[in-house]
Amino acid sequence: MCLILVAWRSHPDYPLVVAANRDEFFARPSSPAAFWQEAPDVLAGKDLQAGGSWMGMTRSGRFAALTNFRDPGSQRPDAVSRGLLVAGFLRGRVPAADYLEAVSRRGRDFNGFNLLAGDGENLGWYSNVPGAAPLLLEPGIYGVCNHLLDTPWPKVRAAKSALGEALGELPGDAALFRLLCDDTIHPDESLPRTGVSLEWERLLSAAFVRAGGYGTRNSTVCRIGRDDWIVFDEQTWLEGGAAGPRRRYRFRRAGAPS
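A short tour of the structure in this document, coming up. (Residues numbered from 1 in each chain as written. Predicted model: local features only at pLDDT ≥ 70, side-chain atom pairs only at ≥ 80, totals over all residues. Heavy atoms only, no water.)

Here we take up the environment of L204. On the secondary structure map, L204 appears in helix 5 (residues 198-204). In contact with L204, not counting residues within four places along its chain, are R70, K155, V209 and Y214. (Helix = DSSP H or I, 4+ residues; strand = E, 2+ residues; numbered from the N terminus. Contact = heavy atoms within 4.5 Å.)

This part is about the packing of helix 1 (residues 83-91) against helix 2 (residues 96-104). One way to put it is that helix 1 packs onto helix 2 with a least axis distance of 11 Å and a crossing angle of 145°. When the axes of helix 1 and helix 2 are compared, the crossing they make is right-handed. Facing L84, L85, G88 and F89 of helix 1, the residues of helix 2 in contact are A96, Y99 and V103. (Axes fitted to C-alpha atoms, helices over the stretch in contact; angles between N-to-C directions. Left-handed = near helix turned anticlockwise from the far one by under 90°.)

The buried fraction of strand 2 (residues 16-25) amounts to nine of the ten residues, a majority that puts the element mostly inside the structure. Strand direction decides the pairing type here: strand 1 (residues 3-8) and strand 2, joined by six bridges, are antiparallel. For A7, the partnering residue across the bridge sits in strand 2 and is V17. Both strand 2 and strand 11 (residues 214-224) contribute to a ladder of ten bridges, which runs antiparallel. When the bridges of strand 11 are listed, D23 appears paired with T216. (Buried < 20%, exposed > 50% of the residue type's maximum accessible area, 1.4 Å probe, protein only. Pairing = 2+ DSSP bridges.)

The next subject is the sheet that holds strand 12 (residues 229-237). Read from one edge of the open sheet, six strands run 10-1-2-11-12-13, paired in antiparallel fashion. Sheet topology places strand 10 (140-144) and strand 13 (243-252) at the edges, where each strand pairs with a single neighbour. On average, each strand axis in the sheet is tilted by 10° relative to the strand beside it, whichever way the strands run. Running over the sheet, helix 3 (residues 154-166) touches strand 1, strand 2 and strand 10 and is turned about 35° from strand 1.

On to helix 3, then. Between its first and last C-alpha atoms helix 3 spans 18 Å; for 13 residues at 1.5 Å apiece the expected length is 18 Å, and the two agree. The set of residues buried in helix 3 consists of P154, K155, V156, A159, L163 and A166. Looking at the buried side of helix 3, the elements it contacts are strand 1, strand 2, strand 10, helix 4 (174-180) and helix 5. (Expected span 1.5 Å × (residues − 1).)

Now for the pattern of salt bridges. Following the criterion strictly, the structure yields 13 salt bridges and no others. Residue R105 pairs with E101 through a salt bridge whose shortest N-O separation is 3.9 Å. By relative accessible area, which is 62% here, R105 ends up exposed. In this structure, D150 engages K160 in a salt bridge whose closest nitrogen and oxygen atoms are separated by 3.1 Å. On the criterion of sequence distance, the pair formed by D150 in the loop between strand 10 and helix 3 and K160 in helix 3 is long-range, its members being ten residues apart. Residue K160 is classed as partly exposed on the basis of its relative accessible area of 23%. Connected via shared salt-bridge partners are D173, D233, R246 and R250. (Salt bridge = Lys/Arg side-chain N within 4 Å of Asp/Glu carboxyl O.)

Take R217: it is sitting in strand 11. In this structure the C-alpha to C-alpha distance between R217 and L123, which are 94 residues apart in sequence, comes to 26 Å. In contact with R217, not counting residues within four places along its chain, are R22, E24, F25, F26, R28, S30, Q235, T236 and W237.

To continue, consider the packing of aromatic side chains. For the coordinates displayed, the defined rule picks out eight aromatic pairs. Both rings, one in F35 and one in Y249, keep their centres 5.7 Å apart while their planes meet at 90°; by these two values the pair is edge-to-face. Highlighted residues: F35 in strand 3 (residues 30-35) and Y249 in strand 13, separated in sequence by 214 residues. According to the relative accessible area criterion, F35 is partly exposed, its value standing at 25%. Geometrically, the ring pair formed by F113 and Y126 is edge-to-face, given 5.8 Å between the ring centres and 65° between the ring planes. With a gap of 13 residues between them, F113 in strand 7 (residues 113-118) and Y126 in strand 8 (residues 123-127) connect regions that are remote in the sequence. (Phe/Tyr/Trp six-rings, centres within 6.5 Å; stacked < 30°, edge-to-face > 60°.)

Structure (structure tokens):
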């Protein structure tokens, strides 16, 4: 993912609400969100090139999502696939805090990333950028793009504000998908300088990216209710921004009282 927005214990009926966009080259092979044949409890998309996933949920309510940390000068072609971090958490039973601590001990194996992991009791974040450490999140609204958690890039600030308003429309999800479709290009003076060209900084400043061969390929909205129902909706996008198939999953959290 390249934009993840999370409302953690900020709504009386939905302890976890997530709205996220995955930006990627359209030539990179992947499969859409589905329950995995080899791990039937895992609902996630798959990166068919390097393995793993960018975001997913399990039947028991485990959640994980990942963004890349944008620093083109430090990319290593021999690094382990970051998507394996999402898959590893979803397929396991280790508490979120313990998993993030374990990941922090081998963070140098990967190119830069932000990882969010939640086990139903706790939601945590970790980045392998030097100086960062695993963090369990307090209730609130959070946003992460291609820098550290809550770095106030223009699209992160705008999207967090829009998420706060969209929570008032739940269980309707139209406002959540609208904020993910915001293609506003922000003014040059407000843009970060991350090592890519100014033209790319402009294109990537939008929540919804269109950039010739690259762009937003998936918009995903998911939530867990206090009634233990899990909702996971994924809208796929074609090159240029045309809508592709949309997938909707509804299921009751495994292990919930009957």
